[in-house]
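The chain contents come next:
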Amino acid sequence: MLFACVYVPNFIAQAAARLDPVVAASPFAVVAGTPPQVRVVALNAKAKNKRLWIGMTKTEAEASTGTQILERSIKLEASAHGALLDCTSRFSPHCEDVADDTLILDVSELSKLLGTPTQIAKSIRAQARNLSLYIRVGIAGNIDSAIYAARTTKGISILPFGKEAEFLKDAPLDILNLSPKILETLTRWGIRTFGQLGTLPELSLSERLGQEGLRLQQLVRGQSFRTLSPTSAPVSFEEGTDFDYPVEDPESLAFVFHRLLEQLTIRLTARALAAGQLHLSLELDLAVDDVKATERLFTRTLKLPVPTVDTKLLLKLLQLDLEAHSPGAPVLKVALRAEPMRPRIVQEGIFVPKGPEPQRLEVTLARLRKLVGEDRVGSPELIDRHLPSPFRMVKFAPGAQLVKSSVASCRQAALRIFRPNAPARVENVHGAPHTVAFDGVRYRVTQASGPWRRSGEWWTQDRWGRDEWDLVLTAQDDRRLLVRAYRDLLTRQWYIDGEYD
Amino acid sequence: MRTAAALRSEIEAKLQNRIPAALTPKHRELQQSIPCGISNIDLLQAFPRGTLVEICGLPSTGRTGLLHALLAQTTSGGEAAAVIDVSDSFDPVSATQSGVVLSELLWVRCGLLSNQRRSLSAFDQALRAADLLLQSGGFGILTLDMGNVLTRDARKIPLATWFRFRRAVEETQTLFLVLEQEPHASSSAAVVLDLSQSGIGVQETQDTEKPQHIDGDRLIETLHTRAEVVRGQARKPVRSDRTNTMFSTRLQAYR
């Protein structure tokens, strides 16, 4: 068996700056605790060079010029841990979640795919770099040795089978997570490394430290028999970031969206998944003047026509959606969550007409919605209600429904509806319309067919009723118009519903 | 003295390696015409794919009936179609009665200015929507319905816009259809079909000699239309003789 341990050094600091390359490139300190006991819990290397240390108070850290102070965020750490899980799941499904910063995976069968253990370790590191994580990898024949190898190395450490003790002899005892009492005893004896503990006589060690002492000695000798217990944690694809200052211009959020989407798509791709839906949550700052928003949390959901990992497409859709639905207040926090779905693979039929490309169409529809209005783009769908024009607008999804070919054999004249209906002045003679005037033009009625009574919804507030007429109208210039006119039964007013064309 | 033909041959020979047939117009293969199910109109082959076609006519001349017939043929074959409706006059009920599959139809309803930030007129919205949908591609028929737009407004569309539309559909499977009262696309249109009303059929069901109106004493049955191919580059570069035909649409489904 061959196990690889993936270890994220300085996990808290890496998680805090993972989604912000500007912060990551400058000295920063992560602080946590309740005031006044807010202390530094993590630092990056540049901050350490400025003589900051873990445990100093926030006030002391703030005194160091050029050092950014970041609040510890459990959400960001969970996100970084999720990214680490996605990274390792690309290589092996047998993965044990040991700690937030440590994962073990079984790489026994990977040599045929990825080559030597060193090549495997390099591949894992490269994948982690894509997710903005710097990791160390240790590979050994047993789990515990792999963990210790990862924690002691600065990059990649491969322990040959049977020589674990020899390679780990200089490792400090701190990484064993010893109880304070045992650590104190060993320190008093002058035992500080794995090698020193491994060479102690077993009987004497057992007499002084009991079974725990023997267990520790087996560990440092590379004689662990621990088995891998793969974990299957619920997968959540969520990335977010907090701003130091409220962002007023939604357009400038595009940079943040791009970074978050890039991370999400890499994570989804690592698990051979794609985003089916995208949930956007914005925490707004309502404590400023001229704020239109009333709720602190602004959420939007983008339903994608096909699951996708196209970052540019997702970004464009997000931008268009935010342009159409402005948050109405400066933004304090951004969170993006992707609903994972299996990517759709469709074989195009030779004789099937090629329709619009779904991803491209979605962007076009978003642009059209911005241009003409949210509910004015789509497919009309007839509804089973007694309305003058019974239809509603639904999302345009070509090819989603099975098309039944039912072209009418007898050609029907079409009706062009006037929206809103044109008010008309009608003069009746012998009970039928004789002259009609609308849109500033007076017409003579040469043929009148009707009335045809239609009504509906009389059981609700929206009751309506009308006497309809089909009229052939002749203008002064002998131009003939065929229209549908009606007299509203409630208001007794005449309207032109539309023209037959 | 060299003739123009000889000069052309000489230039083409010199440029042969860099630009083959530099001065010879490119031969375009005509694509298949979309049928509309009205036999008289189908004989005209007036709706070739990859072209811009104008259907012109005054109100009540059968323009929309012809459009519905084309949409019905396209959408019932599982192909997507789009209607950019400048005056928001499309009627889904009558379209369904003509056989249009509404789920395959994208309807863009221009004109509502509920949002104050949106300052574009319905007309400008429609032109922008046409640009967007032409770029998106994949539609069998893309219709710009300007049937209720006044001629003086439609004339404001620059020729460059029509040329852009024509270039956008060239070598695609899309038919770009424009419904209007008068032709405006000029040479960018491959076909211009002019429709005019030739009659209205009325069925008398009662004794109409009495002056008093009796409910249902007559039924307006049919709308007769005369169609004329005014411009038909799809068939010949220049056509001096025009092709005429007649067709009728019925109103019975409404009553």
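Residues numbered from 1 in each chain as written. Chains lettered and ligands numbered in written order. Predicted model: local features only at pLDDT ≥ 70, side-chain atom pairs only at ≥ 80, totals over all residues.

Colleague: Could you clarify how one ought to interpret the pairing of strand E18 (residues 464–474) of chain A in this entry?
Modeller: Within a regular strand, side chains alternate between the sheet's two faces. Residue and element names in this part refer to chain A. Of the strand pairs in this sheet, strand E17 (residues 441–456) and E18 are connected by 10 bridges, and their pairing is antiparallel. Within E18, the position partnered with Ser449 by the bridge is Asp470. Between the antiparallel neighbours E18 and strand E19 (residues 480–488) lie five residues, among them Asp478 with a positive phi of about 65 degrees. (Pairing = 2+ DSSP bridges. Helix = DSSP H or I, 4+ residues; strand = E, 2+ residues; numbered from the N terminus.)

Colleague: I tried to follow the sheet that holds strand E9 (residues 237–247) of chain A on my own but got confused; where do I start?
Modeller: For sheets, the rule is that strands pair by backbone hydrogen bonds, running either parallel or antiparallel. All names here are of chain A. Read across the sheet, four strands follow the order E9-E12-E10-E11 without closing on themselves; strand pairing throughout is antiparallel. Either end of the sheet is taken by a strand with one partner, and the two such strands are E9 and strand E11 (297–308). For this sheet, the mean angle separating the axes of adjacent strands, direction not counted, is 15 degrees. Pairing of strand E10 (residues 274–284) with strand E12 (residues 331–341) involves 10 bridges; the strand directions are antiparallel. Across the sheet, Ala274 pairs through a bridge with Met341, a residue of E12. In the packing of helix H13 (residues 253–270) onto the sheet, the strands contacted are E9, E10 and E12, and the crossing angle to E12 comes to about 30 degrees. (Axes fitted to C-alpha atoms, helices over the stretch in contact; angles between N-to-C directions. Contact = placed C-beta atoms within 7 Å.)

Colleague: Honestly, the nonpolar core in this entry has me stumped. Any pointers?
Modeller: Among soluble globular proteins, nonpolar side chains are generally buried collectively. One finds Val53, Ile84, Val108, Ala129, Leu177 and Leu193 of chain B to be the most contacted residues of the largest nonpolar core, which totals 96 residues. What Val53 of chain B contacts, discounting residues up to four positions off in sequence, is Ala46, Phe47, Leu175, Leu177, Ala189, Ala190, Val191 and Leu193 of chain B. Core analysis: the next-biggest nonpolar cluster, separate from the first, contains 61 residues, Phe28, Leu76, Phe167 and Leu186 of chain A among them. (Core = buried A, V, L, I, M, F, W, Y, C linked by C-beta atoms within 7 Å. Buried ≥ 20, exposed ≤ 12 C-beta atoms within 10 Å, placed from the backbone.)

Colleague: How should I be thinking about the confidence of the model for chain B in this particular structure?
Modeller: In low-pLDDT segments, the atomic positions of the prediction should not be examined closely. Here chain B averages 85 in pLDDT, while 86% of its residues score no lower than 70. For this predicted complex, the interface confidence reaches an ipTM of 0.87, while the overall pTM sits at 0.76. (pLDDT = per-residue confidence, 0-100.)

Colleague: In this structure, what is going on with the environment of Thr245 of chain B? I would like to understand it.
Modeller: Residues and elements named next belong to chain B. Its place among the elements puts Thr245 in strand E8 (residues 243–250). Sequence-wise, Thr245 and Val229 are 16 residues apart; in three dimensions their C-alpha atoms are separated by 8.9 Å. Among all residues touching Thr245, those that are not within four sequence positions of it are Asn40, Ile41, Leu43, Leu44 and Ala227.

Colleague: Help me understand the packing of helix H15 (residues 358–372) of chain A against helix H5 (residues 122–136) of chain B in this model?
Modeller: Packed helices, taken two at a time, are described by their axes: the angle between them and the distance between them. Between H15 of chain A and H5 of chain B, whose axes approach to 10 Å, the crossing angle comes to 175 degrees. In terms of their interaxial angle, H15 of chain A and H5 of chain B are classed as roughly antiparallel. Touching Arg360, Leu361, Thr364, Arg367, Leu368, Leu371 and Val372 of chain A of H15 of chain A are Gln125, Arg128, Ala129, Leu132, Leu133 and Ser136 of chain B, all from H5 of chain B. (Parallel < 35°, antiparallel > 145°, perpendicular 65-115°, else oblique.)

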